Amino acid sequence: MSWAIEMAKAPITELTIRTWSPTRNGDPCIAMIAGLPMVFYGKTPMQAYRAANEWRQAESAKEARKAQNTATRLAAAKAARAAKNAQADA
């Protein structure tokens with residue numbers, strides 16, 4: 001599956017994290033989230049994976065907060081419109 005299709009269909013928390021280990025001692029291990037341009041580093045593959053996963057969870061939380069704020073603003077606007085219409089009808 002290409003990364004573009006994977007990104008279009010799945011939320012960020014479900015995108016695959018891939019890790020690579022260096023062939024030379026002393027080089028960092030890296031992790032990348034499928035289709036995203038960020039590279040995460042760690043001394044071990046698990047540290048690199050954890051860094052990528054923590055970033056992914058933080059981004060998911062940001063998106064959830066943004067969606068919640070949008071829903072709250074829409075509800076407030078709808079209530080204000082209803083109150084204005086009620087005043088106009090009275």
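Everything quoted here is computed from the prediction, not taken from an experiment. (Residues numbered from 1 in each chain as written. Predicted model: local features only at pLDDT ≥ 70, side-chain atom pairs only at ≥ 80, totals over all residues. Heavy atoms only, no water.)

Asks: Just checking my understanding: could you explain the pairing of strand S2 (residues 29–33) for this structure?
Replies: Side-chain direction in a regular strand flips from residue to residue, so the side chains alternate between the two faces of the sheet. What you see with S2 is a clean split: Cys29, Ala31 and Ile33 sit on the buried side and Ile30 and Met32 on the side with no burial. As paired elements, strand S1 (residues 17–20) and S2 share four bridges and run antiparallel to each other. Counterpart to Trp20 in the pairing with S2 is Ile30. Here three bridges tie S2 to strand S3 (residues 40–42), and the two strands are oriented antiparallel to one another. Within S3, the position partnered with Ile30 by the bridge is Tyr41. Following S2, the chain reverses through six residues before pairing antiparallel with S3; Gly35 in that reversal takes a positive phi of roughly 85°. (Buried < 20%, exposed > 50% of the residue type's maximum accessible area, 1.4 Å probe, protein only. Helix = DSSP H or I, 4+ residues; strand = E, 2+ residues; numbered from the N terminus. Pairing = 2+ DSSP bridges.)

Asks: I'm lost on the packing of aromatic side chains in this one. Help?
Replies: Note on aromatic pairs: each is described by the distance of the centres and the angle between the planes. Counted according to the given criterion, the structure contains one aromatic pair. Between Phe40 and Trp55, the ring centres sit 5.9 Å apart and the planes meet at 45°, which makes this aromatic pair tilted. Highlighted residues: Phe40 in strand S3 and Trp55 in helix H2 (residues 45–89), separated in sequence by 15 residues. Among the residues examined, Phe40 registers a relative accessible area of 11% and is labelled buried. (Phe/Tyr/Trp six-rings, centres within 6.5 Å; stacked < 30°, edge-to-face > 60°.)

Asks: So what exactly am I meant to see when it comes to the sheet that holds S3 here?
Replies: One key point about sheets: their strands pair by backbone hydrogen bonds, in either a parallel or an antiparallel sense. The strand order S1-S2-S3 describes an open sheet built from three strands, whose pairing is antiparallel. The open sheet has two edge strands, S1 and S3, and neither has a second partner. With direction set aside, neighbouring strand axes in the sheet form an average angle of 25°. In the packing of H2 onto the sheet, contacts are made with S1, S2 and S3, and the angle to S2 comes to roughly 30°. (Axes fitted to C-alpha atoms, helices over the stretch in contact; angles between N-to-C directions. Contact = heavy atoms within 4.5 Å.)

Asks: Would you mind going over the side chain of Arg56 with me for this structure?
Replies: Its place among the elements puts Arg56 in helix H2. Overall, the relative accessible area of 7% leaves Arg56 in the buried class. Among residues more than four places away in sequence, those in contact with Arg56 are Ile12, Thr13, Glu14, Leu15, Ile17, Ile33 and Tyr49.

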